[in-house]
Amino acid sequence: MEEIVKTLPQHTSSWSKGRLTYCMYEGFWMTKRFHEGVTNLAQQSYKAQPNDVFLCSSPKTGTTWLKALALAIVTRNKFDESNSPLLRTTPHDFLRHLEVDPKQSEENQNSSFPLVATHLPYALLPKSVVTSTCKIVYIYRNIKDVVASHYHFEREKIKLSVEDAPFEEAFHEFCQGISNFGPYWDHILGYWKASLERPGTILFLKYEDLKRDPMSHVKTLAEFIGYPFSREEENAGVVENIINLCSFKNLSNLEVNKTGSFLALNTVVENRTFFRKATDGDWENYFTDEMKEKIDKLIYQKMSGTGLILT
Ligand code: A3P
């Protein structure tokens, strides 16, 4: 693996004091750890089951929230807000994440939960996923908040303070397309184009829309993945209970998410790093006017005519 990685284009983040290196694989940047997972996966050629539901996202766009919601939806006959596994485990540890642990994914293929998460770009999804009838849910988010969220997440991982990690450099790097599974816009467009070519198989959810109107989007999500709420459930408040269970306020205050950790790609990841602020517009605390102008132009170039809005 080391030998393969050496042959790939590499980039070490200027703001990371040499601690964060990406390599480019098939047009997408990914940290070396992830690259290993991705290529293992390709070799193992994951076999999707027709009932699988793929939860796809670029990092920092609401993956944790989507995983929690989907898990609560599909297991609601077994668990509720008093005994949900979400009270004891981070969704990242509980659900299969394809490239993080492909071996585990293979072993769990007959798991009673049909949910599989991935950050893989559409073009790198295992063939069996794109040729099967399994459902794909894709969550995306305002690019400016993703830039800020990505910076803090990676900075925390490499244990640098804000003072020691200049945001401006991280910003310019993101605009060059360099982020985990970036370019961010290419990641989104890959799924978007596929959703147009394969109508009905890919549900697009926008983080901000989910926040603005969780009730209708959670119902849409449940219906799309084949677990619609009945009238009785709606009347009994089951949808509200799931929304509350999976809310940022609730999950981020659970002991497991404040102090717990899990092992991914041989690295200990602290659960708290997935729960920062969850505020729309936090980017305004970091962007200068020039940065705002630059990213608005970039997004206009990349997204105009696609029908998707990333601002
Ligand atoms: P911020 O860094 O802006 O706070 P991902 O799960 O894809 O890694 O994305 C992490 C982002 O989602 C973080 O954003 C995090 O705070 C936010 N987040 C985590 N859990 C959430 C939840 N239950 N509801 C809404 N946002 C959540």
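Residues numbered from 1 in each chain as written. Predicted model: local features only at pLDDT ≥ 70, side-chain atom pairs only at ≥ 80, totals over all residues. Heavy atoms only, no water.

Looking at an unreviewed UniProt entry, the protein carries the name Sulfotransferase, with the source organism given as Artemisia annua. UniProt lists a comment for the protein under the heading Sequence similarities (unreviewed entry), and it reads "Belongs to the sulfotransferase 1 family." (UniProt positions renumbered as here; feature names shortened; annotations may be inferred.)

## Points about the sheet that holds strand E7 (residues 135-140)
Overall, parallel pairing links the 5 strands, which are arranged E5-E6-E4-E7-E8 in an open sheet. A strand with exactly one partner marks an edge of an open sheet, and here the two such strands are strand E5 (96-97) and strand E8 (202-206). Bridge count between strand E4 (residues 53-57) and E7: 5 bridges; the pairing is parallel. When the sheet's bridge partners are listed, Leu55 is paired in E7 with Val137. (Pairing = 2+ DSSP bridges. Helix = DSSP H or I, 4+ residues; strand = E, 2+ residues; numbered from the N terminus.)

## Remarks on the pattern of salt bridges
A full pass over the atoms with the stated rule returns 12 salt bridges. For the salt bridge of Lys211 with Asp280, the shortest nitrogen-to-oxygen distance reads 3.3 Å. Linking Lys211 in helix H10 (residues 207-212) with Asp280 in the loop between strand E10 (267-270) and helix H16 (289-303), this pair joins segments that are 69 residues apart in sequence. You can call Lys211 partly exposed: its relative accessible area is 31%. Measuring nitrogen to oxygen at the nearest pair gives 2.8 Å for the salt bridge that ties Asp282 to Arg276. (Salt bridge = Lys/Arg side-chain N within 4 Å of Asp/Glu carboxyl O. Buried < 20%, exposed > 50% of the residue type's maximum accessible area, 1.4 Å probe, protein only.)

## Describing the site of the ligand
Around the ligand, the structure places 17 residues, and the nearest of them are Lys60, Thr63, Thr64, Ser149 and Ala278. In the model, a nitrogen atom of the ligand is placed 2.9 Å from a nitrogen or oxygen of the Cys246 main chain. Burial of the ligand by the protein amounts to 98% of the accessible area it has alone, namely 570 Å². At 3 residues, the largest contribution of residues to the shell around the ligand is made by helix H3 (residues 63-74). (Near = heavy atom within 4 Å. Polar contact = N/O pair within 3.5 Å; in protein donor to acceptor, adjacent residues only side chain to side chain. Areas by Shrake-Rupley, 256 points an atom, 1.4 Å probe, with all protein chains shown as cover.)

## A short note on the pairing of E10
For strand E9 (residues 261-264) and E10, the ladder comprises 4 bridges, and the chain directions are antiparallel. Pairing of Leu263 across the sheet is with Val268, part of E10. Adjacent in sequence and paired antiparallel, E9 and E10 are bridged by 2 residues, among which Leu265 carries a positive phi angle near 50°.

## Topic: the sheet that holds strand E2 (residues 21-25)
Within the open sheet, the 3 strands sit side by side as E1-E2-E3. Their pairing is antiparallel. Only two strands of the sheet have a single partner each, and these edge strands are strand E1 (10-12) and strand E3 (28-31). For this sheet, the mean angle separating the axes of adjacent strands, direction not counted, is 30°. Pairing of E1 with E2, which is carried by 3 bridges, proceeds in the antiparallel orientation. Bridge pairing in E2 links Thr12 to Thr21. (Axes fitted to C-alpha atoms, helices over the stretch in contact; angles between N-to-C directions.)

## Re the nonpolar core
As a rule of thumb, nonpolar side chains are buried together in soluble globular proteins. Core analysis: the largest hydrophobic core is formed by 102 residues, its most contacted members being Phe54 and Val137. When neighbours within four sequence positions are excluded, Phe54 is seen to be in contact with Tyr46, Ala48, Leu98, Val116, Thr118, Val129, Cys134, Lys135, Ile136 and Val137. (Core = buried A, V, L, I, M, F, W, Y, C linked by side-chain atoms within 4.5 Å. Contact = heavy atoms within 4.5 Å.)

## What about a negative patch on the surface?
Judged by side-chain charge, Glu168, Glu169, Asp289, Glu290 and Glu293 come together as a negatively charged surface patch. Taken together, the elements giving at least two residues each to the negative patch come down to helix H8 (167-175) and H16. Here the negative patch gets 3 residues from one element, more than from any other, and that element is H16. (Patch = residues over 30% accessible without salt bridge, like charges linked within 9 Å, V, L, I, M, F, W, Y side chains within 5 Å. Lys, Arg positive; Asp, Glu negative; His and termini not counted. Charge placed at Lys NZ, Arg CZ, Asp CG, Glu CD.)

## What to know about the environment of His152
Within the secondary structure, His152 sits in helix H7 (residues 143-157). Relative accessible area serves as the criterion here: at 5%, His152 is assigned to the buried category. In sequence terms His152 and Phe167 are 15 residues apart; their C-alpha atoms lie 9.0 Å from each other. Not counting residues up to four positions away in its chain, the partners in contact with His152 are Val162, Arg276 and Tyr286. A distance of 3.0 Å separates a polar atom in the side chain of His152 from a polar atom in the side chain of Arg155.

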